[in-house]
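Structural characterization, general
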Amino acid sequence: MTTTNHDTTTGEYAPEAPARMRWAKLAPEVYKVMVRLDAAAKQGLDPKLVELVRLRASSLNHCAFCLDMHTKDALAAGESVQRIVQLPAWEESKHFYTEKELAAIELTEAVTVLTDGFVPDEVYEKAAKHFDEAELAQLIATIAVINAWNRFGVATRAVPGHYKAGDFG
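Residues numbered from 1 in each chain as written. Predicted model: local features only at pLDDT ≥ 70, side-chain atom pairs only at ≥ 80, totals over all residues. Heavy atoms only, no water.

Let's talk about the environment of Glu29
- By the secondary structure assignment, Glu29 is in helix H2 (residues 28-41).
- For Glu29, a relative accessible area of 52% corresponds to the exposed category.
- Linking Glu29 and Thr142, residues 113 residues apart in sequence, is a C-alpha distance of 20 Å. (Helix = DSSP H or I, 4+ residues; strand = E, 2+ residues; numbered from the N terminus. Buried < 20%, exposed > 50% of the residue type's maximum accessible area, 1.4 Å probe, protein only.)

Regarding the pattern of salt bridges
- Taken as a whole and judged by the stated rule, the model has 9 salt bridges.
- Close ionic contact of Glu135 with Lys100 constitutes a salt bridge, the shortest N to O distance being 3.6 Å. With a gap of 35 residues between them, Glu135 in helix H8 (residues 133-156) and Lys100 in helix H6 (residues 99-113) connect regions that are remote in the sequence.
- Lys100 sits in the partly exposed class, given a relative accessible area of 31%.
- Here Lys126 makes a salt bridge to Glu106, at a shortest N to O gap of 2.7 Å. Here Glu106 lies in helix H6 and Lys126 lies in helix H7 (residues 121-130), a separation of 20 residues in the sequence.
- Judged by relative accessible area, which is 36%, Lys126 ranks as partly exposed. (Salt bridge = Lys/Arg side-chain N within 4 Å of Asp/Glu carboxyl O.)

What to know about the packing of H7 against H8
- Contact geometry of H7 with H8 gives a least axis separation of 8 Å together with a crossing angle of 125°. In terms of orientation, H7 lies oblique with respect to H8. In the crossing of H7 with H8, the sense of the turn from one axis to the other is right-handed. Between H7 and H8, the residues in contact are Tyr124, Ala127, Ala128 and His130 and Glu135, Leu136 and Ile140, respectively.
- Partitioning the contact of H7 with H8 into residue classes produces 5 nonpolar, 1 polar and 1 charged. (Axes fitted to C-alpha atoms, helices over the stretch in contact; angles between N-to-C directions. Parallel < 35°, antiparallel > 145°, perpendicular 65-115°, else oblique. Left-handed = near helix turned anticlockwise from the far one by under 90°. Contact = heavy atoms within 4.5 Å. Nonpolar A, V, L, I, M, F, W, Y, C, P; charged D, E, K, R; others polar.)

Considering helix H3 (residues 47-60)
- Along its 14 residues, H3 runs 20 Å from first to last C-alpha, staying within 8% of the 20 Å computed at 1.5 Å per residue.
- Burial analysis of H3 places 10 of its 14 residues in the buried class, which makes it a mostly covered element.
- Of the surrounding secondary structure, the elements contacted by the buried residues of H3 are H2, helix H4 (64-76), helix H5 (81-86), H6 and H8.
- The N-terminus of H3 is capped by Asp46, whose side-chain oxygen sits 3.0 Å from the backbone nitrogen of Lys48.
- Immediately downstream of H3, the backbone of His62 shows phi near 60°, a positive value. (Expected span 1.5 Å × (residues − 1). Polar contact = N/O pair within 3.5 Å; in protein donor to acceptor, adjacent residues only side chain to side chain.)

What to know about the packing of aromatic side chains
- Scanning all chains against the criterion turns up 5 aromatic pairs.
- Their ring planes at 10° and their centres at 3.8 Å tell us that Trp23 and Phe152 sit as a pair that is stacked. Highlighted residues: Trp23 in helix H1 (residues 23-26) and Phe152 in helix H8, separated in sequence by 129 residues.
- Aromatic pair Tyr31 and Trp149: ring centres 5.9 Å apart, planes at 70°, arrangement edge-to-face. In this pair, Tyr31 sits in helix H2 while Trp149 sits in helix H8, placing the two residues 118 residues apart along the sequence.
- Relative accessible area serves as the criterion here: at 17%, Trp149 is assigned to the buried category.
- Members of the aromatic cluster, connected to one another through ring pairs, are Trp23, Tyr31, Trp149 and Phe152. (Phe/Tyr/Trp six-rings, centres within 6.5 Å; stacked < 30°, edge-to-face > 60°.)

Topic: unusual backbone geometry
- A positive phi is found at His62, a non-glycine position, where the angle reads about 60°.
- Examined against the element boundaries, His62 turns out to sit in the loop between H3 and H4.
- Residue class for His62 comes out exposed when judged on its relative accessible area of 67%.
- In the Ramachandran plot, Leu114 falls in the positive-phi region, its phi being about 45° despite a non-glycine side chain.
- Within the element layout of this structure, Leu114 appears in the loop between H6 and H7.

In structure tokens, the structure reads:
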């Protein structure tokens, strides 16, 4: 089955690979808890900031399904194409983002990658300057939840391209 979400008049596209499994149907209680956890995690945070965080983590984790979903959700929330496109190169494109957004993006990378096995103090402290304690707790929860979603998506090879903004929430 090939996806019809792009212009096929310019040439042949690779066939769409099927998902390994539909884990949400096989583990419906886990899926329901994840949906509730996701909704709880983002409470009190700016919707565009949430989508930037989700996009950055999804990019780092190579989750094509989540990249597709959160790009569409970010656009629906009013995010600009330019800021979405520049996000993978945010360090060279800082002028597209607020200091608060940059702190959130940097914290997202630190929590997602955990290269050194911990989040560096300077990254945490920078985020703490821009978010009050409750917001920071919500931001960390949002980062943790998108990382969990990414792992479901990558492990099961969830298929990108079919999501429409707002489908799951």
